[in-house]
Amino acid sequence: MGIEKITEAEFVVKVFDSDNNEIMQSEVIRVETDAPASYKQNYDDSGFEIYNENGVKLSARSLQKSELSDNMEIVFYAENNTDSAISIMSGNVSVNGKSIEPLFVMSVGAGKKAVDTMVFYDKDLKELEIGEIQTVEAKFKAFNENLETVFETDAVKVPIA
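Residues numbered from 1 in each chain as written. Predicted model: local features only at pLDDT ≥ 70, side-chain atom pairs only at ≥ 80, totals over all residues. Heavy atoms only, no water.

1. Side note on the pattern of salt bridges
Thinking step 1. Counted by the stated rule, this structure contains eleven salt bridges.
Thinking step 2. Close ionic contact of Glu22 with Lys14 constitutes a salt bridge, the shortest N to O distance being 4.0 Å.
Thinking step 3. You can call Glu22 partly exposed: its relative accessible area is 40%.
Thinking step 4. The closest approach of N and O atoms between Lys141 and Glu152, which form a salt bridge, is 3.8 Å. In this pair, Lys141 sits in strand β12 (residues 136-144) while Glu152 sits in strand β13 (residues 149-152), placing the two residues eleven residues apart along the sequence.
Thinking step 5. For Lys141, a relative accessible area of 27% corresponds to the partly exposed category.
Thinking step 6. One continuous salt-bridge network, built from bridges that share partners, spans Glu8, Glu10, Arg30, Glu32 and Lys112. (Salt bridge = Lys/Arg side-chain N within 4 Å of Asp/Glu carboxyl O. Buried < 20%, exposed > 50% of the residue type's maximum accessible area, 1.4 Å probe, protein only. Helix = DSSP H or I, 4+ residues; strand = E, 2+ residues; numbered from the N terminus.)

What follows is the structure, given as structure tokens:
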């Protein structure tokens, strides 16, 4: 993402059970480093732009194999220049024309930027006899803290490089 120095980081810890049900979520945890507060970070916001209106931007960056498993994932970049935190989800997802349910819920705090992944489980890809991801199509929807829809897209074909 082109980050050269970390001056601060904010994150939430979520705990899931073996069925991927969320069982705990922390409050926002903020960590500051000893880097000068005056440091200005430039962000690499490149990628395939899915949505960019009303202070919210969502882009797909790349397809990659997970570092921790045999799962495949698409990296996403999001900016939220609004006054309310948002959560972005996907729906009606297909890989190579076959319906699939990846893991993708991206949370972005008010005035923040985030990087997250859409995870395609290896076992699901094998069940669908997908050896290589060639095409991905999905709808995206974002909600604010009051569960109001921030945006909703039609089906988007995410280019796979």
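2. Let's talk about unusual backbone geometry
Negative phi values dominate among residues other than glycine, just as trans dominates among peptide bonds.
Thinking step 1. The backbone phi angle of Asn92 is positive, close to 50°, even though this residue is not glycine.
Thinking step 2. Of note, Asn92 is situated in strand β8 (residues 86-95).
Thinking step 3. Relative accessible area serves as the criterion here: at 61%, Asn92 is assigned to the exposed category.
Thinking step 4. Even without a glycine there, the phi angle at Glu129 is positive, about 55°.
Thinking step 5. The residue Glu129 is located in the loop between α1 (122-127) and β12 in this model.
Thinking step 6. Since its relative accessible area comes to 69%, Glu129 is described here as exposed.

3. Points about the nonpolar core
Thinking step 1. Among the nonpolar cores identified, the biggest contains 29 residues, and Leu58, Phe76, Ile88, Met106, Phe120 and Phe140 are the most heavily contacted of them.
Thinking step 2. Sorting the residues of this core by element identifies β5 (48-53), β6 (56-65), β7 (72-80), β8, β10 (105-108), β11 (112-120), β12 and β14 (156-158) as the ones contributing at least two each.
Thinking step 3. Once residues within four sequence positions are removed from consideration, Ile88 is found in contact with Leu58, Ala78, Phe104, Val105, Met106, Lys141, Ala142 and Phe151. (Core = buried A, V, L, I, M, F, W, Y, C linked by side-chain atoms within 4.5 Å. Contact = heavy atoms within 4.5 Å.)

4. Considerations on the packing of aromatic side chains
Thinking step 1. This model, assessed by the stated rule, comprises four aromatic pairs.
Thinking step 2. Grouping aromatic residues by their ring pairs yields a cluster made of Phe76, Phe104 and Phe140. (Phe/Tyr/Trp six-rings, centres within 6.5 Å; stacked < 30°, edge-to-face > 60°.)

5. Considerations on the layout of surface pockets
A probe matching the size of a water molecule, rolled over the atoms, marks out where space remains unfilled.
Thinking step 1. The volume enclosed by the largest pocket comes to roughly 1,900 Å³.
Thinking step 2. Mapped by element, the contributors of at least two residues to the lining of the largest pocket are β1 (8-11), β2 (14-16), β3 (22-25), β7, β8, β10, β11 and β12.
Thinking step 3. By residue number, the principal contributor to the lining of the largest pocket is β11, which donates seven residues.
Thinking step 4. A per-class count over the lining of the largest pocket returns 26 nonpolar, 13 polar and eleven charged.
Thinking step 5. Put simply, the second largest pocket is a space of about 200 Å³.
Thinking step 6. The element best represented in the lining of the second largest pocket is β8, accounting for five residues.
Thinking step 7. Classifying every residue of the lining of the second largest pocket by side-chain character gives eight nonpolar, four polar and one charged. (1 Å grid on protein atoms, 1.4 Å probe; cavity = no way out; pocket = protein on both sides within 12 Å on 5 of 7 lines; lining within 4 Å. Points joined across faces, edges and corners; volume = space filled by probe spheres on them. Nonpolar A, V, L, I, M, F, W, Y, C, P; charged D, E, K, R; others polar.)

6. A few points about the sheet that holds β6
Thinking step 1. Taken together, four strands build an open sheet; the order of strands is β5-β6-β7-β11 and the sheet is antiparallel. In the strand order of this sheet, the two ends are held by β5 and β11, each with one partner. Each adjacent strand pair in this sheet contributes to an overall mean axis angle of 20°, direction not counted.
Thinking step 2. By the bridge criterion, five bridges tie β5 to β6 in an arrangement that is antiparallel. From the neighbouring strand, Tyr51 faces β6, where its bridge partner is Leu58. (Pairing = 2+ DSSP bridges. Axes fitted to C-alpha atoms, helices over the stretch in contact; angles between N-to-C directions.)

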